[in-house]
Amino acid sequence: MKSKARPATGRLLYAQSGGVTAAINATAAGVIQNARAHRIPVYAAHNGILGVLREALIDTSKESASAIAALRHTPGGAFGSCRYKLKSLDANRVEYERLIDVLRAHDIRWFLYNGGNDSADTALKISQLGKAMDYDIRCIGVPKTVDNDLAVTDCCPGFGSVAKYTAVSTLEASLDVASMADTSTKVFILEVMGRHAGWIAAAAGLAGEGADAPPHVILFPERVFDEAAFLAKVKATVERVGWCTVVASEGIRNAEGQFLAEAGTRDSFGHAQLGGVAPVLAALVKEQLGYKYHWALPDYLQRSARHMASKTDVDQAYAVGKAAVDYALAGMNAVMPVIVRTSDMPYRWKIEPAALEKIANREKKMPSGFLTRDGFGITAAARRYLSPLIQGEAPPPYGRDGLPKYAQLKNVAVARKLPVFNT
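Conventions we followed
Residues numbered from 1 in each chain as written. Predicted model: local features only at pLDDT ≥ 70, side-chain atom pairs only at ≥ 80, totals over all residues. Heavy atoms only, no water. Salt bridge = Lys/Arg side-chain N within 4 Å of Asp/Glu carboxyl O. Helix = DSSP H or I, 4+ residues; strand = E, 2+ residues; numbered from the N terminus. Buried < 20%, exposed > 50% of the residue type's maximum accessible area, 1.4 Å probe, protein only. UniProt positions renumbered as here; feature names shortened; annotations may be inferred. Contact = heavy atoms within 4.5 Å. Polar contact = N/O pair within 3.5 Å; in protein donor to acceptor, adjacent residues only side chain to side chain. Patch = residues over 30% accessible without salt bridge, like charges linked within 9 Å, V, L, I, M, F, W, Y side chains within 5 Å. Areas by Shrake-Rupley, 256 points an atom, 1.4 Å probe, with all protein chains shown as cover. Pairing = 2+ DSSP bridges. Axes fitted to C-alpha atoms, helices over the stretch in contact; angles between N-to-C directions.

Caption draft 1: Structural context of the pattern of salt bridges. Taken as a whole, this structure holds 17 salt bridges when the rule is applied. Of the charged contacts, one joins aspartate 118 and lysine 85 as a salt bridge, the two residues approaching to 3.0 Å between their closest N and O atoms. Residue aspartate 118 is located in helix 5 (residues 117-132), and its partner lysine 85 is located in the loop between helix 3 (65-70) and helix 4 (93-105); the two are separated by 33 residues in the primary sequence. As a salt-bridge pair, arginine 341 and aspartate 344 come within 2.7 Å of each other at their nearest N and O atoms. For aspartate 344, a relative accessible area of 36% gives the class partly exposed. A single salt-bridge network, built from bridges that share partners, covers Lys85, Asp118, Asp121 and Lys125.

Laid out in structure tokens, this is it:
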């Protein structure tokens with residue numbers, strides 16, 4: 001975290017990692033625009049750390065100022081992302097040496113890796129590797145994750161927009177169910193992302209307050225799924241209200257610690273692939289209670305819904321990108337710009353650097369004080385935390401065809417200087 005003198009020459013390399021969000025490109029805009037203001041050339045890695053290993057680099061200087069500005073309102077990952085976790089140096093030294101070879105070949109002196117827990121770990125490892133191999137490289141982890149599970153930072157860029165989408169979708173779908181409940185669906189189940197942390201599911205609780213307001217039941221990974229208690233809650237709600245909205249995190253587990261939606265396969269990070277908890281819950285409701293049901297799985301829709309982004313989230317996403325460049329040019333290494341909340345009412349925040357070693361491979365779950373005693377809802381404390389994060393609208397510009405006008409980048413490749421490396 002100590003600062004060094006700025007190199008006389010060099011380029012900055014930016015890369016995106018993990019699941020993309022509605023706001024990650026706003027971070028990219030913050031990085032590139034700030035670097036341009038400092039006259040620092042920026043390369044982007046095509047498909048995250050894999051792009052570095054493959055020497056698949058993009059020259060962002062070929063993009064117009066307007067194209068870079070348009071990234072602020074464009075969802076997805078403009079330069080491509082990946083799920084690829086580096087092993088330890090002892091387990092795969094060849095990959096690490098390749099990374100340094102690529103950085104050295106292109107005179108890259110600053111590396112900004114935009115992602116979640118695993119990405120913070122990668123940035124930390126490369127910062128350590130630079131020292132071990134005597135290459136002057138400053139690595140900055142840049143926060144991004146819809147799961148909101150990064151340690152230290154108050155919230156994660158990308159989460160606020162997913163939270164807004166989830167709360168709005170819960171409210172709107174519930175109005176639909178209430179309209180038809182007398183002769184149609186009695187129980188609606190919305191499955192949201194959240195393998196180990198229930199932040200997104202909690203955001204659904206912003207849709208309404210009170211025992212009769214949806215969502216009536218929220219299922220969190222932080223609480224063991226109790227089938228009997230769940231069914232009793234659903235039954236009591238239907239009998240009292242006439243219908244019931246359930247929001248469930250994909251990662252809820254039973255008393256044996258098994259995912260209800262375990263599919264039996266694993267992704268490239270070694271995480272269990274989940275097959276869908278909503279249909280499992282729907283089957284329980286049908287078999288045990290006999291209610292007509294409907295379930296929905298927004299999946300990628302919840303993290304790509306830029307049309308419903310939170311302005312607070314977009315502003316924070318841009319700010320961490322801008323700050324990451326400032327930290328890198330100031331000579332900082334192995335740090336991440338994190339969001340610090342300074343006030344709830346009115347909501348105020350600032351950006352500060354935090355050591356990557358305090359963030360990498362750590363997971364922030366919902367505090368117990370954010371969950372109601374029965375485990376099926378959120379408390380007033382949770383509302384105070386969540387509500388500011390979904391405030392404000394930041395709609396993209398629309399064209400004559402009625403569709404958003406998103407950025408279209410050229411993504412001009414940088415000429416390779418090294419032999420091909422197979423990953």
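We are not done yet, so read on.
Caption draft 2: Structural view of the UniProt feature "binding site: substrate" (unreviewed entry) in the protein. Under the UniProt annotation, the feature "binding site: substrate" (unreviewed entry) is placed at Thr145, Val146, Asp147, Met193, Gly194, Arg195, Glu250, Tyr300, Leu301, Gln302 and Arg303. Setting aside anything within four residues of it in sequence, one finds threonine 145 in contact with Leu150, Cys156, Pro157, Gly158 and Phe159. In terms of polar contacts, threonine 145 uses its side chain to reach the backbone amide nitrogen of aspartate 147, at 3.1 Å.

Caption draft 3: Geometry of the environment of leucine 403. By the element assignment, leucine 403 lies in the segment after helix 12 (380-386). In the structure, leucine 403 is positioned 321 residues away from cysteine 82 in sequence and 27 Å away in space, judged by C-alpha atoms. Those residues in contact with leucine 403 that lie beyond four places of it in its chain are Pro397 and Tyr398.

Caption draft 4: Geometry of a nonpolar patch on the surface. A surface patch of nonpolar side chains, about 270 Å² in accessible area, is lined by Tyr293, Trp295 and Leu297. Checked against the element boundaries, leucine 297 lands in the loop between strand 11 (293-296) and helix 10 (300-304).

Caption draft 5: Focus on the UniProt feature "binding site: diphosphate" (unreviewed entry) in the protein. If you check UniProt for "binding site: diphosphate" (unreviewed entry), the listed places come out as Gly19 in our numbering. With respect to the helices, strands and loops of the structure, glycine 19 is situated in the loop between strand 1 (11-16) and helix 1 (24-37). You can call glycine 19 buried: its relative accessible area is 15%. Those residues within four positions of glycine 19 in sequence are excluded, and the remaining contacts are Arg83, Lys144 and Arg303.

Caption draft 6: Looking closely at the side chain of histidine 216. With respect to the helices and strands, the residue histidine 216 is situated in the loop between helix 7 (199-204) and strand 7 (217-219). Histidine 216 gets classed as buried once you look at its relative accessible area, which sits at 5%. For histidine 216, the side chain forms a polar contact with the main-chain oxygen of aspartate 212, separated by 3.1 Å. In this structure the side chain of histidine 216 is engaged in a polar contact, spanning 2.9 Å, whose partner is the backbone nitrogen of threonine 245. Look past the residues within four positions of histidine 216 in its chain and what remains in contact with it is Ala211, Lys233, Thr237, Val241, Trp243, Cys244, Thr245 and Phe376.

Caption draft 7: Broad picture of the sheet that holds strand 7. Read from one edge of the open sheet, four strands run 7-8-6-11, paired in parallel fashion. Looking at strand neighbours, the two that pair on one side only are strand 7 and strand 11, the edges of this open sheet. Here the strands of the sheet are splayed against their neighbours by 15° on average, with no regard to which way each runs. Examined bridge by bridge, strand 6 (residues 187-192) and strand 11 share four bridges and lie parallel to one another. Looking at strand 11, one finds that isoleucine 189 is bridged to tryptophan 295. Each of strand 6 and strand 8 (244-249) is contacted by helix 6 (residues 159-180), which is oriented at about 165° to strand 6, the strand it contacts most. The strands touched by helix 8 (residues 227-241) are strand 6, strand 7 and strand 8; relative to strand 8, the strand with the most contacts, the crossing angle is about 150°.

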